[in-house]
Amino acid sequence: IPSEASELKQLHAASDGDAWLVLVGGEHGGIMRADARATRPGPFLAGHCSLEWVGFAYSRLKKFFGRDRIIVIAQLAETLEWLREASHDEVSAARLAGRPSLLPMLRRRSQVTQDACKELLEDGGADYDGIDVNASTLLRVLKGDSSGKGRCVPQHA
């Protein structure tokens, strides 16, 4: 059974060094607004588990493909900012997450997300974050449409 490292080396070699990777992580719309019971005023980003996997994948793939060939579309800065604010104290946890008892979980999620995305954060974070994490951005990036802001997969790739 080939190892993951050998599979990635084979994939990179097969692409003649011209592979582009697009890593995507986002939340569904229902989590990005106030809840129906009005226990919190806006988004709830504590459950954004895809960011851990984006960070994990980024760290594993970067050594084979390089940062310049990886485009990241994820709510990383937005989520970390929300987690920092929500995990400040019990009052903040109640105001942003709906309950003060969530404070320990919010602090854990903040640390886990920062740890999982450490290398990505050191390399400048996501290419697209916040409101730019949407289907239109993804399609533009994949189609090589450079009319917007940020990087995209070159049309010749």
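As shown above, the structure is provided for reference.
Quick notes on the overall build of the protein chain
Right, on to step 1. Check the secondary structure of the protein chain and you find seven helices and two strands.
Right, on to step 2. Taken from the N to the C terminus, the helices and strands of the protein chain come in the order α-β-α-β-α-α-α-α-α.
Right, on to step 3. Buried residues in the protein chain amount to 39% of all 157 residues.

What about the packing of helix α2 (residues 50-65) against helix α5 (residues 103-116)?
Right, on to step 1. Taken N-terminus to C-terminus, the directions of α2 and α5 make an angle of 20°; their axes are 8 Å apart at the nearest point. By the angle between their directions, the pair α2 and α5 is classed as roughly parallel. As α2 packs across α5, the resulting crossing turns out to be left-handed. Contact with α2, carried on its side by Leu51, Glu52, Gly55 and Phe56, involves Arg109, Val112, Thr113 and Ala116 of α5 and no other residues of that element.
Right, on to step 2. Taken together, the residues of the contact of α2 with α5 sort by class into four nonpolar, two polar and two charged.

Let's talk about the pattern of salt bridges
Right, on to step 1. A complete count under the given rule lists eight salt bridges for this structure.
Right, on to step 2. In this structure, the salt-bridge partner of glutamate 52 is arginine 109, at a minimum N-O distance of 2.6 Å. Of this pair, glutamate 52 sits in helix α2 while arginine 109 sits in helix α5; the two residues are 57 residues apart in sequence, bridging distant segments of the chain.
Right, on to step 3. The exposure class of arginine 109 is buried, given its relative accessible area of 18%.
Right, on to step 4. Aspartate 127 is the partner of arginine 151 in a salt bridge, and the nearest nitrogen-oxygen pair spans 3.1 Å.

Some points on helix α4 (residues 90-97)
An α-helix turns once every 3.6 residues. As a result, residues three or four positions apart point the same way.
Right, on to step 1. By the burial criterion, the buried members of α4 are Ser92, Ala93, Leu96 and Ala97. Buried positions in α4, seen along its axis, are confined to an arc of 100° and lie on one side of it.
Right, on to step 2. Against the buried residues of α4 lie α3 (76-86) and α5.
Right, on to step 3. Measuring from the side-chain oxygen of the N-cap residue of α4 to the backbone nitrogen of valine 91 gives 3.2 Å; that N-cap residue is aspartate 89.
Right, on to step 4. Count one or two residues on from α4 and you reach glycine 98, which has phi positive near 105°.

About the cut-offs
- Residues numbered from 1 in each chain as written.
- Predicted model: local features only at pLDDT ≥ 70, side-chain atom pairs only at ≥ 80, totals over all residues.
- Heavy atoms only, no water.
- Helix = DSSP H or I, 4+ residues; strand = E, 2+ residues; numbered from the N terminus.
- Buried < 20%, exposed > 50% of the residue type's maximum accessible area, 1.4 Å probe, protein only.
- Axes fitted to C-alpha atoms, helices over the stretch in contact; angles between N-to-C directions.
- Parallel < 35°, antiparallel > 145°, perpendicular 65-115°, else oblique.
- Left-handed = near helix turned anticlockwise from the far one by under 90°.
- Contact = heavy atoms within 4.5 Å.
- Nonpolar A, V, L, I, M, F, W, Y, C, P; charged D, E, K, R; others polar.
- Salt bridge = Lys/Arg side-chain N within 4 Å of Asp/Glu carboxyl O.
- Arc of directions from axis to C-beta.
- Polar contact = N/O pair within 3.5 Å; in protein donor to acceptor, adjacent residues only side chain to side chain.

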